[in-house]
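If you want the building blocks of each chain, they are given just below.
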Amino acid sequence: MELSVILNTIRNKGGRITKVRRAILEAFFQSGCLVSQESLIEYLKKKKLSPNPSTIFRELQFLLENKIILKNTINKVHHYELNSGHKHYHFICSECQGITPLHLHNPLLNVMEGLEQQHQFKIQQHSIDFKGVCASCL
Ligand SMILES: [Zn+2]
Ligand SMILES: [Zn+2]
């Protein structure tokens, strides 16, 4: 999904594209993975934007409600990332809390399709995090 597609989706729903909203989406695109609220605020600062925390909270709620982003709480810290069809997983280090995106593609999706058929259950959402210790912390 491209930024322009997401902006159009928001416009079609009657939403406005504010500077902050656009910058938040840009931050997600630039990261391509999980972004904490803290790093989001840092990104906005670099763009000379300093919305108050409640604005950022409302923006994140808006994007979550419209399924544009997903929430992933890691070690009690909320992280967000784009809800792209291109699903990936994460290695999460328990020492430095570092997050590494992990692209698995087909194997896991094939397993899920098998499970759906076997159990007559339509999986709409799933989340898998691999927690452990990263190379620099070993
Ligand atoms: Zn990610
Ligand atoms: Zn680590």
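Residues numbered from 1 in each chain as written. Chains lettered and ligands numbered in written order. Predicted model: local features only at pLDDT ≥ 70, side-chain atom pairs only at ≥ 80, totals over all residues.

A short note on the domain arrangement of the protein chain
Our working definition: For the domain bounds, the source is a domain assignment made automatically or taken from a database. For the purpose of contact definition, each residue receives a C-beta atom placed from its backbone, and two residues are in contact when these atoms lie within 7 Å. Classification used: nonpolar for Ala, Val, Leu, Ile, Met, Phe, Trp, Tyr, Cys and Pro, charged for Asp, Glu, Lys and Arg, polar for all others including Gly.
Looking at the assigned domains, one finds that the protein chain contains domain 1 (3-82) and domain 2 (89-137). Taken residue by residue, the interface counts five residues in domain 1 and six residues in domain 2. Class assignment for the residues of the side of domain 1 that touches domain 2 results in three nonpolar, two polar and no charged.

Observations regarding the environment of Phe121
Stated precisely, the cut-off is as follows: What counts as a helix is a DSSP run of H or I of at least four residues, what counts as a strand is a run of E of at least two, and both are numbered from the N terminus. Our exposure labels follow a C-beta count within 10 Å of each residue's own C-beta, placed from the backbone: buried means 20 or more other C-beta atoms, exposed means 12 or fewer, and partly exposed covers the counts in between.
Position of Phe121 relative to the elements: it lies in the loop between helix H5 (106-119) and strand S6 (129-132). Classification of Phe121 by C-beta neighbours within 10 Å gives exposed; the count is 9. Distance in space between the C-alpha atoms of Phe121 and Phe29 is 32 Å, their sequence separation being 92 residues.

A look at the sheet that holds strand S3 (residues 77-82)
To keep it simple, the criterion reads: At least two DSSP bridges between two strands are required for those strands to pair.
Taken together, the three strands give an open sheet; going across it, the order is S1-S3-S2, and neighbouring strands pair in antiparallel fashion. Taken across any chain shown, the strands that pair with only one partner, and hence form the sheet edges, are strand S1 (35-36) and strand S2 (69-74). Taken together, the two bridges between S1 and S3 define a ladder with antiparallel strand orientation. Its bridge partner being in S3, Ser36 is matched across the sheet by His79.

Re the packing of helix H2 (residues 19-31) against helix H3 (residues 37-46)
As a reminder of what qualifies: Angles run from 0 to 180 degrees between N-to-C directions of axes, and those axes are lines fitted to C-alpha atoms, restricted for helices to the stretch in contact. For classification, angles of less than 35 degrees are called roughly parallel, those exceeding 145 degrees roughly antiparallel, those between 65 and 115 degrees roughly perpendicular, and all remaining angles oblique. The crossing is said to be left-handed when, going from far helix to near helix, the turn is anticlockwise and less than a right angle, and right-handed when the turn is clockwise.
Orientation of H2 relative to H3, taken along the N-to-C sense of each, is 120°, at an axis distance of 10 Å. It follows from the interaxial angle that H2 and H3 lie oblique. Every pair of crossing elements has a handedness; the one defined by H2 and H3 is right-handed. Two secondary-structure elements touch here, H2 through Val20, Ala23, Ile24 and Ala27 and H3 through Leu40, Tyr43 and Leu44. When its residues are assigned to classes, the contact of H2 with H3 shows seven nonpolar, no polar and no charged.

Things to note about the nonpolar core
Under the convention used in this document: Put simply, a nonpolar core is buried Ala, Val, Leu, Ile, Met, Phe, Trp, Tyr and Cys residues tied into one set by C-beta atoms within 7 Å.
By size, the foremost hydrophobic cluster in this structure holds 14 residues, and its most contacted members are Phe28, Val35 and Ile69. Among the secondary structure elements, those contributing two or more residues to this core are H2, H3 and S3. For this core, the element with the highest residue contribution is H2, accounting for three residues. Residue contacts for Val35: discarding those within four places in its chain leaves Ala27, Phe28, Leu40, His79, Tyr80 and Glu81.

Brief notes about the sheet that holds strand S5 (residues 99-102)
Strand order in the open sheet formed by three strands is S5-S4-S6, with mixed pairing between adjacent strands. Of all the strands in the sheet, the pair left with one neighbour each is S5 and S6. Here the strands of the sheet are splayed against their neighbours by 20° on average, with no regard to which way each runs. The pairing of strand S4 (residues 89-93) with S5 spans four bridges and is classified as antiparallel. By the bridge assignment for S5, Tyr89 is matched with Leu102.

Some details on the environment of Glu38
Along the chain, Glu38 turns up in helix H3. Accessibility expressed as a C-beta count within 10 Å gives 11 for Glu38, which makes it exposed. Placed 50 residues apart in sequence, Glu38 and His88 show a C-alpha to C-alpha distance of 22 Å.

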